[in-house]
Structures are given as structure tokens and as C-alpha cells.
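This is what each chain is made of:
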Amino acid sequence: MKKYLFLIFVVLTLNLKPARRRLVLLLLAGGLQTLNCHAQTLERQVVSSSGGYYSNTSLRFNFTIGEAVIQTFQNSGFILTQGFQQPSLSTQNCNLTLSVTVVNSTCNQHNGSATVNPDGGAQPYRYAWTSGDTLATADSLAAGMYMVTVTDAQACSAFTLATVSNTNGPVISAHTITNLTCFGSGNGAINITVSGGTTPYTFLWSTGATTEDISNLTAGPYEIEITDFTGCMATASYFVGQPNQVNAVTTTTPASCGNTNGAATITATGGAQPYSFAWSNGGTVATQTNLAPGVYSVIVTDSLGCTNGFPLMVSINTANGPVVTIDSVIQSGCSGNNGAIYVSVSGGNPPYIYNWSNSLHTQDITQLAPGDYQLTVTDSLGCIGSTGATISHTQPATPKICIVTVDSIEHKNLIVWEKEVTTSIDYYNVYREGSWAGYYFLAGSKSYNSMSAFLDVNSNPHQRAYRYKITAVDLCGNESDASEPHKTIHLAINSGIGNEWNLIWTEYEGYDFPGCYIYRHSNSQGWVLIDSIATGYNSYNDIPPNQGQINYMVTVRSPQICSPTGTKDMGGPFSQSLSNIEDNGIIDKISNSKSQIPRPKFQIPNFKSQEQGKYCFSL
């Protein structure tokens, strides 16, 4: 039997009529809590188009858990391809870790359970399952995947995934995970062996693949659902790992004027030792001596054949000679060679002679194609200063998501954005966060000439909420930075006291909103707005006028109306985000067991007539 523990608050407002007083359940869930106890450090890691990873640990932020940190931390300067990892959180005091134990359910029954076991942090813990359960154990579960967020007394949060399978159904009897050979590459694989149940099997991976085994994977988590001929299911989650990145730093010794006695040493870390070195002067060891002033390049390779992803440029200057400083680098546009490098020179003994690697002899160079450029500056005494710079293609502007919602007909997530009016964008990529926080994978692409709305057919809104990002790709194949994330609303319901139904949902992420609206559907009345509730409250208990087939939905309105065509002439506008639709048929209150009731495809009424603006809510 289900047991529920709720913290009850009586919410009083001025001029509140007695008939409107109600008890409000405060959702005890993580993810939007305030953390005042300690600071965090962010490290950015972004997969580049060349397969390498770049990190930036020079930026530090103080923030609270639940703030939209990604909105202030842009992935600027790097091209994103198949997937990327967002800023990883490093904390000193948030040591909350989770493990899960699962009891599988009988085939086509709802009698499984999952128990989360927190370790560390500060008790008491608070639990929020995507099944609607609020205790450490979620019961009456069918086969499937369930996520739980655990928040401790200091508002430190962590979440994990529970995979429930069917007894006497298909069984994954063996699996082999092939991790990436190099950091940031895409050659991972997962091979499984399935037995039991009734053949034939159908396979559905979180990537959308329907084969038994999958390959060409980037690092991150992958989930699979296997269904046999009778509908019995097996579920599993796997993580494809990768080795550490090969990194390299340089220390140099300048040469004396007119001599070739400079030196440079490369210190490599990460990857798998030993390392090999390929210098542009033919050197093959970490330290090079007897170097003349100038710019050298070196590629570092580990024992597995992994490199640091790009040649490292090393400048050897003359002691007391010219000092060359790069003022700015203008990247080249997609349609032409219009890059530029601007430098300034000081020290030494003017006048200076400029020698660029492309045979130009001006101080600054323009009309450049993408590539590496080196400069040596010689003063009147023959002393040399040097530097190098790289011209890349200009990235497209970062697009913005207007809204993510659950399509009321398809029951899949819908991502909508307003396309920029331009002739340079070829298509948009849509990325979905996996079951591990911060790992985003390519969910699909949409042509610029199509309506800017993407239906994620591999999403399961009834199971969990999802975060999405989008990028723009120009006609030259250059990809923009990822947009700020938007997250869907996930609604879960469970039976309360008497004829009550408890609604619990996750808040929308992506824009500010004053509150949300709660709708109920019955066969006699259709969809009816039953109440509104202010932001910060994520639960509601309802006593419907009858106990027939009842459906619920939660919505939040966007601060702007979104048109996915860019011309506002068709296909929109989208003015609010809808949650998944949940019904009381999930729970049979008489037997306290769950039963399958088909979900009719209701047509959601038009809620677009409300004016834009801020709304006040009272209970």
C-alpha cells in the first residue's frame, strides 16, 4: 500500500474568502532550492568539430543550486558537433551520492518498486520520483525507467535513474561496453545479449536506434527498452566512458640576439603515457634546444594514438628584442576570405621588419582565409620577436528556444524556436539531455526552410522532464554555440485522502513566469481551468466532482508569443508550455493497484486568447 509523507503549510492571503481557503502541499523536491552554504567552481568542457576537448577553468562563479547557471556561461569560441558536456559542478560540501535497488514487476503488472539509498549530505532527505512518489521507495511500478531527485537539509541535490524490468520477460544476459579510444572521439559501442521472454524482441535505445547493438557513440549514458512479443519488458542503462584528455603546456627560453640558443619544453598530461612529439623543425622529444627565434608547432600524441587535437604553437623570441602582441583576430565569414590579424610591437630597436608566413610584410594582415599564420618581427639590430594566430570561420549567432512543450496529440516533446531572418543558416540541431545531468546528445535536425518546430519522437513525457538546447549550422558547416536550455514540465499524480488526487510537477525552465495553470478534463465537461498557483509551488490536491475518467494538465504561459516561421504567417503562435497529460486511471483506488487505461488523444482547447503580461495569483 502506498504511504505518503507531506509537509503541510496553510497559505493565508489578505481578503481571502473562507470558501477559498485551502491547504497547499509544498513539493519537497530538488533542483530549484537555494544553497547558501558554499561556492561552486565550473569547468567547461566542449566537444570540438575536430574531436578534441577544450576546457576553461579560469572562470569561477558563485551561485546557488537551482539558478540558471548555463544562462550566464556561454560555450563561446568552440564548434559543437554530435554532443557536448555542459559545465560540471565541483563542490566541497555537496557530497550527496545515490544508489538504487530495484524489485522488478510481473509482466504487464504494476507491482515493481525502486528504493533510492542516499549517502552523505545532511539529513533529513526529501524525495521526488517521476512516478509521483515522495518517499525513498516508489512502489506499484510497471516496467520502465524512473528518475528520482533527492535533496538534503542544505538544499544539495542529486538525481539518479532506476530501471525496472519484468520478471519472466526478456533478460539482458550479457553486455559489452566499448569505451572511446580517445577523449572526445565518437567510436564507443554497446553490445548486448538478450534471452528469455517470447521472441521476437523489439529494441528502443535512448538515441532512437532500434537495433540490438549500437555503435559510433560519444561518451555518456545510454538507456534501452526491450519488449518481447507478449509485451514484457527489460530495461537497462549503460555509460560509455573515455580516457583523459591529452593536454600540453610550454615553457620557453629566449635566444640571445643573433644566436640560435633558444629552448622549449613541452609538458604533457592526460591520455596514456608515453607521449611522442612531432615538431615542425623535425624534433621528436619533449625538449628542443639550439632554437633560432621564430614560431614552431608541435603535435603531442599518446601511446593510444590520441593527440591534443590541434598543433601547439611555440614562439621563441630574442632576449631584449621586439615584443609582439596580438591586438585582435577577426574570423573569416562563411562566404569569403575576410579574416584579419592586428598586432602591436614594442621594445627592441625600431624600425621593424615584418615577415608573415603567407609572405606578407605589413604589420597587420587582412582578407585572410581560415588557417594558421605566424609572424616574425626583426628590429634594426637583427633581434626577433614572434607570435602566431589562427583564423577560423565565424560561428553563426546563437539561436534561442522560444518554448518546449508536450504535443497534446502526439504526446511527445515539441521544441519551438523563432528562426533568424538570414540567408546563411542551413539547418538547426536539437540536443536533448540524457539521464545523466549535463550530457546532451543530438536528438535531430531541422532545415532552415522548414517550420522551426521539432517533434522529439524519442521522448517519453510521461516518464520524466527533459532539457533541450539548439544550435544553428551555416552553409559552410560551422555550428553556433548552444542556446540556453529549456526544460519541459513533468506532471505526476497519486491518490490522496478520500477522493483527493495529489498533483506534483517539475517547474518549467527557460523563462520567468508568475505562476502556472491547472486544468482538469472529464468526459462531461471537457478541459476546464480549475485553479492557478504561484511560482514556487509545485503541488496541488484536487477533489473532482466525480470519480470517472479524470485527466490533468499543468501549463505555464510564455512571456512572448513564438512564431516558428520567422514571418508570423502560419504554424503558430505558441504561447504556453503544456505538461504531459496524467489520468486517474493510473491508480485504482479500490484495489490500490495500477491498471492500464488507454490514453485518448484529447484536443487541447485554445488558451491563446489571454493577453500578454504579468498575472497575480492568490489562493
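Computed from a predicted model, the values in this text were never measured in an experiment.

### Digging into the overall build of the chain
- In terms of helices and strands, the chain carries zero helices and 48 strands.
- Residue burial in the chain is summarised as follows: out of 619 residues, 48% are buried.
- The long-range share in the chain, meaning contacts at least 24 apart out of those at least 6 apart in sequence, stands at 62%.
- Accessible surface computed for the chain: about 28,000 Å², of which carbon and sulfur atoms make up 52%.

### Points about the state of the cysteines
- For the coordinates displayed, the defined rule picks out four disulfides.
- Paired by a disulfide, Cys 107 and Cys 232 hold their sulfur atoms 1.6 Å apart. The sign of the S-S torsion, about -100°, decides the handedness of the disulfide formed by Cys 107 and Cys 232: left-handed. With Cys 107 in the loop between strand S7 (105-106) and strand S8 (112-119) and Cys 232 in the loop between strand S18 (220-227) and strand S19 (233-240), this pair connects stretches of sequence that are 125 residues apart. The pair Cys 107 / Cys 232 is uniform in exposure class, with both members buried.

### As for the sheet that holds strand S20 (residues 247-253)
- Taken together, three strands build an open sheet; the order of strands is S20-S21-S23 and the sheet is antiparallel. Each of the sheet's edge strands pairs with one partner strand only, and the pair in question is S20 and strand S23 (287-291). Looking at each pair of strands side by side, their axes are set apart by 15° on average, direction ignored.

### Here's the deal with the sheet that holds strand S31 (residues 384-391)
- With respect to topology, three strands assemble into an open sheet ordered S28-S30-S31, the strand pairing being antiparallel. A single partner strand is all that each edge strand has here, and the edge strands are strand S28 (353-356) and S31. Ignoring which end each strand starts from, the neighbouring axes of this sheet average 20° apart.
- As defined by bridge partners, strand S30 (residues 371-378) adjoins S31 across eight bridges and the pair is classed as antiparallel. Among the inter-strand pairings, Thr 376 is bridged to a residue of S31, identified as Ser 386.

### Here's the deal with the nonpolar core
- In terms of nonpolar packing, the biggest core is built from 39 residues, with Ile 415, Leu 503, Trp 505, Tyr 508 and Tyr 552 touching the most fellow members.
- At five residues, strand S44 (residues 550-562) tops the list of elements feeding residues into this core.
- Within the second largest apolar cluster, 19 residues are counted, among which are Phe 203, Leu 217, Ala 219 and Ile 224.

Here is what the cut-offs are and how they apply
- Residues numbered from 1 in each chain as written.
- Predicted model: local features only at pLDDT ≥ 70, side-chain atom pairs only at ≥ 80, totals over all residues.
- Heavy atoms only, no water.
- Helix = DSSP H or I, 4+ residues; strand = E, 2+ residues; numbered from the N terminus.
- Buried < 20%, exposed > 50% of the residue type's maximum accessible area, 1.4 Å probe, protein only.
- Contact = heavy atoms within 4.5 Å.
- Areas by Shrake-Rupley, 256 points an atom, 1.4 Å probe, with all protein chains shown as cover.
- Disulfide = S-S within 2.5 Å.
- Pairing = 2+ DSSP bridges.
- Axes fitted to C-alpha atoms, helices over the stretch in contact; angles between N-to-C directions.
- Core = buried A, V, L, I, M, F, W, Y, C linked by side-chain atoms within 4.5 Å.

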